[in-house]
Amino acid sequence: MEKNFDDALMDLIDQYMLAAEHNNGDLDEVREDIISALELRLIALKEETNND
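Summarised in this report is the structure supplied together with it. Since this is a predicted model, take the numbers as computed values, not measurements. Residue numbers restart at each chain and count upward from 1, following the sequence in its written direction. For this predicted model, a pLDDT threshold of at least 70 governs which residues receive local features, and a threshold of 80 or more governs which side-chain atom pairs are given and counted, while totals over whole chains, interfaces and linings are taken from all residues. Values shown for side chains rest on all heavy atoms present in the structure; no hydrogens or waters enter the calculation.

Under the DSSP-based scheme used, a helix requires at least four consecutive residues in state H or I and a strand at least two consecutive residues in state E, with every element numbered from the N terminus. An expected span of 1.5 Å times one less than the residue number is assigned to each helix. Here helix α1 (residues 5-22) spans 26 Å end to end across 18 residues, near enough to the 26 Å set by a 1.5 Å rise per residue. Directly after α1, the chain includes Asn24, whose backbone phi takes a positive value near 60°.

Structural data, given as structure tokens:
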């Protein structure tokens, strides 16, 4: 079954939060990583939309 964007986003955030816990709880770095991942995903979605 294909995930929708919201499910994929929540999975991504969960994965980064788990990584933060294993990385001594550096939540600032994790937030930056999440923002970067979201920016890349939004760019990809925009390109996909423009190509349709």
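As a further point, take helix α2 (residues 27-51). Counted at 1.5 Å a residue, the expected span for α2 with its 25 residues is 36 Å, and the 36 Å between its end C-alpha atoms agrees. Accessibility here uses a 1.4 Å probe with only protein chains present; expressed as a share of the type maximum, an area under 20% marks a residue as buried, one over 50% as exposed, and anything in between as partly exposed. Turning to α2, its buried residues number three or more, namely Val30, Ile34 and Ala37. Two residues qualify as a contact provided that any one of their heavy atoms is within 4.5 Å of a heavy atom in the partner residue. For α2, the secondary structure elements touched by its buried residues are α1.

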